[in-house]
Amino acid sequence: MHAFKTALLRAGQILLWLIITFCLVASAAPQFLDRIYYRGAVSGHFDGARFFNPDGEDTVRPPTGGNRSGFLLRYLAGDDRPEWPARIGTEQDRPPERVEGGAMRVTWVGHATVLIQTDGLNILTDPIWSDVAGPFDRFGPRRVAAPGIAFERLPKIDLVLVSHNHYDHMDLTTLKRLWARDRPLIVTSLGNDTILRTAGIAARGVEWGRRVPVRDGIEVVATRNHHWGSRWFADRNRALWSSFVIRLPGGNIFFAGDTGAGDYRWADAAAGYGPIRFAMLPIGAFRFQEGQMGIGSHIGPMDAIRVWNRLGRPTTLPIHWGTFRLSWEGYWTPPRMLRALQACAGDTSGRFAPQNIGRAWDIPAVTPPPPPVADARLAACGTDPRVTALR
């Protein structure tokens, strides 16, 4: 009995010291982990220290409401989330070295990583080949679907777009490999270039609305979206987030990056740069509790259709699903919900269609868009049993 009491007392002392240590770290860590990535003049989305969404800030609170610690405990516990597969088989594309002229060949590598080959250019968006999306390639969501192109099979990359600094979009391990091998032009938004330079990677960090020439007749425009950025908790919004328009002779490319809906007018602005031939829109990580259809920082299939409407209904690849588990919904829920909403709302164009990871896709030329999906009809479809039954 005495030995038991002694052990219990010792355990209590250890627990007390752990609590004290945690409190000390919690008070010191924010200052230690904070970083200044950008210094510049105050603007409509920068207060002199941190960036913000000019159309209203709804990305700070946890997606489930309540407090952040309760959200994290609930998310880590797993509660009643639908099952996810441990591993999904994927196709492996072997892309050509180049695609010349006006043809366009696209391969979804997984998550927000897409290889686009057109006009003699090889373009990658938010490249991640790592198995884990998190610090030190060790802590964070683990990949369940292998990349649709083996890194060794990638052609020489000319242009890389990095939308923001979250680990599933700015993977320094992959970016270092690309930089060492190909020295591509890397375009990102303000402050993220500082992070990349610290890792030995040269990049152009630009403001919303700024243009970066690629070659004659081709340029990248950093455009607004609705999100946030952080790599170390306390450095929240020290760097900017963005979407991108690549202006091309045969019609533009739009990459939404990672985004919530906000006021949707960022999509109108992207369409204002000219007809969009090909778009990449996120549809996953939109649900953190039963019944959610979107959160402040992530659009789901319903909001993605609304964005697609505003872009002019181009040929569109749904991204940001099926690779890393970041939220509550089931593995197949995003594409199934997208199809169910389209069927209910009467969109039979096939222009916004899920694709397999690793399967090459030839993008058609710009043609007149199909009729828009009526917003009132889309909202009503959100209550359709074929949609609400999806978890």
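In this text, all values refer to a predicted model and were calculated from it rather than measured experimentally. (Residues numbered from 1 in each chain as written. Predicted model: local features only at pLDDT ≥ 70, side-chain atom pairs only at ≥ 80, totals over all residues. Heavy atoms only, no water.)

**Thoughts on the overall build of the chain**
Phase 1: Helix and strand counts for the chain come out as 9 helices and 15 strands.
Phase 2: In the chain, buried positions account for 54% of the 391 residues.
Phase 3: Across the chain, the fraction of contacts at a sequence separation of at least 24, relative to all contacts at a separation of at least 6, is 70%.
Phase 4: A total accessible area of about 17,200 Å² is found for the chain, and carbon and sulfur atoms account for 58% of it. (Helix = DSSP H or I, 4+ residues; strand = E, 2+ residues; numbered from the N terminus. Buried < 20%, exposed > 50% of the residue type's maximum accessible area, 1.4 Å probe, protein only. Contact = heavy atoms within 4.5 Å. Areas by Shrake-Rupley, 256 points an atom, 1.4 Å probe, with all protein chains shown as cover.)

**Some points on the sheet that holds strand β6 (residues 204-206)**
Neighbouring strands of a sheet are bound in pairs by backbone hydrogen bonds; such pairs are parallel or else antiparallel.
Phase 1: An order of β6-β5-β4-β3-β2-β1-β15 is seen for the 7 strands of this open sheet, with the pairing classed as mixed. Each edge of the open sheet carries a strand with a single partner, namely β6 and β15 (360-362). On average, each strand axis in the sheet is tilted by 20° relative to the strand beside it, whichever way the strands run.
Phase 2: Across 3 bridges, the pairing between strand β3 (residues 121-125) and strand β4 (residues 159-162) is parallel. When the bridges of β4 are listed, Thr 125 appears paired with Leu 161. (Pairing = 2+ DSSP bridges. Axes fitted to C-alpha atoms, helices over the stretch in contact; angles between N-to-C directions.)

**A word on empty space enclosed by the protein**
Phase 1: Taken as a whole and assessed by the stated rule, the structure comprises 2 cavities of 30 Å³ or more.
Phase 2: There is about 60 Å³ of room inside the largest cavity.
Phase 3: Forming the boundary of the largest cavity are 14 residues, of which Trp 84, Ala 285, Trp 321, Phe 324 and Glu 329 lie nearest the centre. (1 Å grid on protein atoms, 1.4 Å probe; cavity = no way out; pocket = protein on both sides within 12 Å on 5 of 7 lines; lining within 4 Å. Points joined across faces, edges and corners; volume = space filled by probe spheres on them.)

**Points about the pairing of strand β9 (residues 243-247)**
Phase 1: Taking burial as the measure, the 5 residues of β9 include 4 buried ones, the bulk of the element.
Phase 2: Direction of pairing for β9 relative to strand β10 (residues 252-255): antiparallel, over a ladder of 3 bridges. Each bridged residue has a counterpart across the sheet, and for Val 245 the counterpart in β10 is Phe 254.
Phase 3: Between β9 and β10, which pair antiparallel one after the other, the connecting turn spans 4 residues, and Gly 251 there sits at a positive phi close to 120°.

**A few points about the pairing of β4**
As a general feature of sheets, a regular strand has side chains that alternate between the two faces.
Phase 1: Residue alternation in β4 divides its side chains into two sets, Leu 159 and Leu 161 and Val 160 and Val 162, and both sets are buried.
Phase 2: Examined bridge by bridge, β4 and strand β5 (residues 185-189) share 4 bridges and lie parallel to one another. By the bridge assignment for β5, Leu 159 is matched with Leu 185.
Phase 3: Traced from β4 through helix α3 (residues 172-182) to β5, the parallel crossover comes out right-handed. (Right-handed = clockwise from strand over helix to strand, strands pointing away.)

**Let's talk about the sheet that holds strand β8 (residues 218-223)**
Phase 1: As summarised here, the arrangement of the 6 strands in space is β7-β8-β9-β10-β11-β14, forming an open sheet in which the pairing is mixed. One side of each edge strand has no neighbouring strand; the edge strands of this open sheet are β7 (211-215) and β14 (315-319). Between one strand and the next, the sheet's axes are offset by a mean angle of 15°, whatever the strand orientation.
Phase 2: Taken together, the 5 bridges between β8 and β9 define a ladder with antiparallel strand orientation.

**Observations concerning the packing of helix α6 (residues 301-310) against helix α7 (residues 333-345)**
In a packed pair of helices, the relevant descriptors are the angle between the two axes and the axis-to-axis distance.
Phase 1: For the pair α6 and α7, interaxial distance at closest approach is 9 Å and the crossing angle is 60°. Here α7 runs oblique to α6, going by the angle between their axes. Crossing angle aside, the handedness with which α6 passes α7 is right-handed. Between α6 and α7, the contacting residues are Pro 301, Met 302 and Ile 305 on the first element and Pro 334, Met 337, Leu 338, Leu 341 and Gln 342 on the second.
Phase 2: When grouped by side-chain class, the residues that make up the contact of α6 with α7 number 7 nonpolar, 1 polar and no charged. (Parallel < 35°, antiparallel > 145°, perpendicular 65-115°, else oblique. Left-handed = near helix turned anticlockwise from the far one by under 90°. Nonpolar A, V, L, I, M, F, W, Y, C, P; charged D, E, K, R; others polar.)

**Digging into α3**
Phase 1: Residues Leu 172, Thr 174, Leu 175, Leu 178, Trp 179 and Asp 182 constitute the buried set of α3. Mapping the buried residues of α3 onto a view down its axis gives an arc of 155°, with all of them on the same face.
Phase 2: On its buried face, α3 is in contact with β3, β4, β5 and α4 (192-198). (Arc of directions from axis to C-beta.)

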